[in-house]
Amino acid sequence: MLTKIQTLNTEFLQAIENIKDQKQLEDLRIVYLSRNGSIASLFEELKNVPKEEKPLLGKELNRLRNLAEEKFAEKKSEFEKLLTKKSQQIDLTLPGRKVELGHKHLLTQTLDEIKSIFKGLGFSIFEGPELESDYYNFEALNFPADHPARDMQDTFFVNKNFLLRTHTSPVQVRLMEKLQPPLRAIMPGKVYRNEAISSRSHCMFHQVEGLCVDTDITFAELKGTLVAFTKQFYGKDLNYRFRPSFFPFTEPSAEMDITCFLCKGKGCRVCKHSGWLEILGCGMVDPNVFDYAKYDNEKYTGYAFGMGIERTAMLKYGITDIRTFFENDVRFLKQF
Ligand code: DAH
């Protein structure tokens with residue numbers, strides 16, 4: 001029995017010296033130190049040796065087990081240290097991490113394009129306040145006192161006289177108060193409406209307003225300018241039409257439609273089977289508005305127009321839900 005213990009001792013010491021990795025170390029542990037390993041079976045044998053030999057053999061066997069456990073723990077920590085050292089080393093052969101470049105939001109891109117086209121047509125750019133008075137938002141634009149937009153239901157009133165502007169048209173009046181004709185300007189910005197948020201409407205969105213005032217400005221000029229814009233923005237080949245409409249601040253008023261991109265005018269779900277898509281509202285400035293702005297309405301005529309930027313981008317890029325502009329999901333933003 002003593003010889004067996006000594007042989008096992010030598011054998012174990014040799015074996016552990018030759019271990020090269022953690023896997024081999026684990027195999028070694030199973031052979032020598034596990035519940036059915038060779039050391040454990042020697043302990044089993046110990047039960048059968050004569051009583052007087054037990055103390056010495058037991059001592060030797062315990063020594064062997066302690067030694068084996070100690071050596072095993074030493075090796076294990078050696079391997080673990082090696083592993084952490086390796087993971088801390090810099091691997092210069094790894095490919096670098098790509099730094100992603102951000103880009104402008106689709107609405108900013110769309111507005112930039114609209115601005116650049118109108119700049120090319122001789123328009124300047126102005127902005128007005130989002131917190132607006134009832135006077136500029138409604139009264140000076142010839143809205144009658146009982147117009148539904150003046151209702152709390154449709155407009156965010158801050159108090160009796162102030163509100164979040166419902167359109168960019170009030171900037172027209174502010175501009176006319178500041179500058180004398182000839183005037184050619186576009187006025188972009190945020191607008192607010194008290195509407196339930198859905199795929200088609202939001203309580204906040206963007207518009208671009210346009211205004212041109214001079215002596216002898218005619219409806220033909222309005223058409224020429226808007227057709228030039230539309231062809232540059234949406235493409236040369238599309239068809240367009242002007243449809244009579246009504247706005248309190250223009251007379252006559254119209255809405256401009258273009259052929260539906262999707263069905264090319266045949267009629268589909270997007271154009272509600274009409275073949276046409278409405279892209280903007282426009283008209284000749286109502287003489288009453290000139291009165292409010294203190295422009296001589298005998299001397300001057302002008303045209304105005306307004307379009308929603310979200311709507312414009314939705315039409316151009318086939319986006320079906322207005323909420324995606326404001327959710328800032330990068331999977332959406334990255335596409336443009
Ligand atoms: N302000 C109108 C709206 O929010 C849009 C509009 C229509 C603006 C006709 C105009 C215009 O300047 O002439 O629905």
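Refer to the structure printed above.
Scope of this entry: the structure provided in the associated data block.

**What to know about the sheet that holds strand β6 (residues 240-247)**
Ordered by their spatial adjacency, seven strands build an open sheet running β1-β4-β5-β9-β8-β7-β6, and the pairing between neighbours is mixed. Strands at the two margins of the open sheet, each flanked by one partner only, are β1 (124-125) and β6. Packing of helix α7 (residues 170-178) onto the sheet brings it into contact with β4 (183-192), β5 (204-214) and β9 (301-308), and relative to β4 it is tilted by some 140°.

**Notes on the packing of helix α3 (residues 38-46) against helix α4 (residues 54-88)**
The interhelical angle for the contact between α3 and α4, taken along N-to-C directions, is 170°, at an axis separation of 11 Å. Comparing the axis directions of α3 and α4 gives the class roughly antiparallel. Residues Ile39, Leu42, Phe43 and Leu46 of α3 form the contact with α4, whose participating residues are Lys54, Leu57, Gly58, Leu61, Asn62, Leu64, Arg65 and Ala68. Here the contact of α3 with α4 is built from residues that sort into eight nonpolar, two polar and two charged.

**Observations concerning the site of the ligand**
Near the ligand, the surroundings consist of 15 residues, among which His167, Ser169, Arg193, Gln207 and Glu209 are the closest. Contact between the ligand and Phe305: an oxygen atom at 3.2 Å from a main-chain N or O atom of the residue. Mapped by element, the contributors of at least two residues to the shell around the ligand are β5, β8 (276-285) and β9. Each residue belonging to the shell around the ligand can be placed in one class, and the counts come to five nonpolar, eight polar and two charged.

**Focus on the environment of Ile39**
Summarising the element assignment, Ile39 is placed in helix α3. Taking C-alpha positions, Ile39 is 6.7 Å from Arg65, a pair spaced 26 residues apart along the chain. For Ile39, the residues in contact, after removing those within four places along its chain, are Leu8, Tyr32, Leu33, Leu64, Arg65 and Ala68.

**Observations regarding helix α8 (residues 219-234)**
Taking 1.5 Å per residue, 16 residues should reach 22 Å; α8 reaches 22 Å between its end C-alpha atoms and fits that length. For α8, the complete set of buried residues consists of Leu222, Thr225, Leu226, Val227, Phe229, Thr230, Phe233 and Tyr234. Residues of α8 that are buried sit in contact with α5 (106-120), β6, β7 (250-259), β8, β9 and α10 (309-317). Following α8 by one or two positions, Gly235 has its phi on the positive side, about 125°.

Criteria and cut-off values
- Residues numbered from 1 in each chain as written.
- Predicted model: local features only at pLDDT ≥ 70, side-chain atom pairs only at ≥ 80, totals over all residues.
- Heavy atoms only, no water.
- Pairing = 2+ DSSP bridges.
- Helix = DSSP H or I, 4+ residues; strand = E, 2+ residues; numbered from the N terminus.
- Contact = heavy atoms within 4.5 Å.
- Axes fitted to C-alpha atoms, helices over the stretch in contact; angles between N-to-C directions.
- Parallel < 35°, antiparallel > 145°, perpendicular 65-115°, else oblique.
- Nonpolar A, V, L, I, M, F, W, Y, C, P; charged D, E, K, R; others polar.
- Near = heavy atom within 4 Å.
- Polar contact = N/O pair within 3.5 Å; in protein donor to acceptor, adjacent residues only side chain to side chain.
- Expected span 1.5 Å × (residues − 1).
- Buried < 20%, exposed > 50% of the residue type's maximum accessible area, 1.4 Å probe, protein only.

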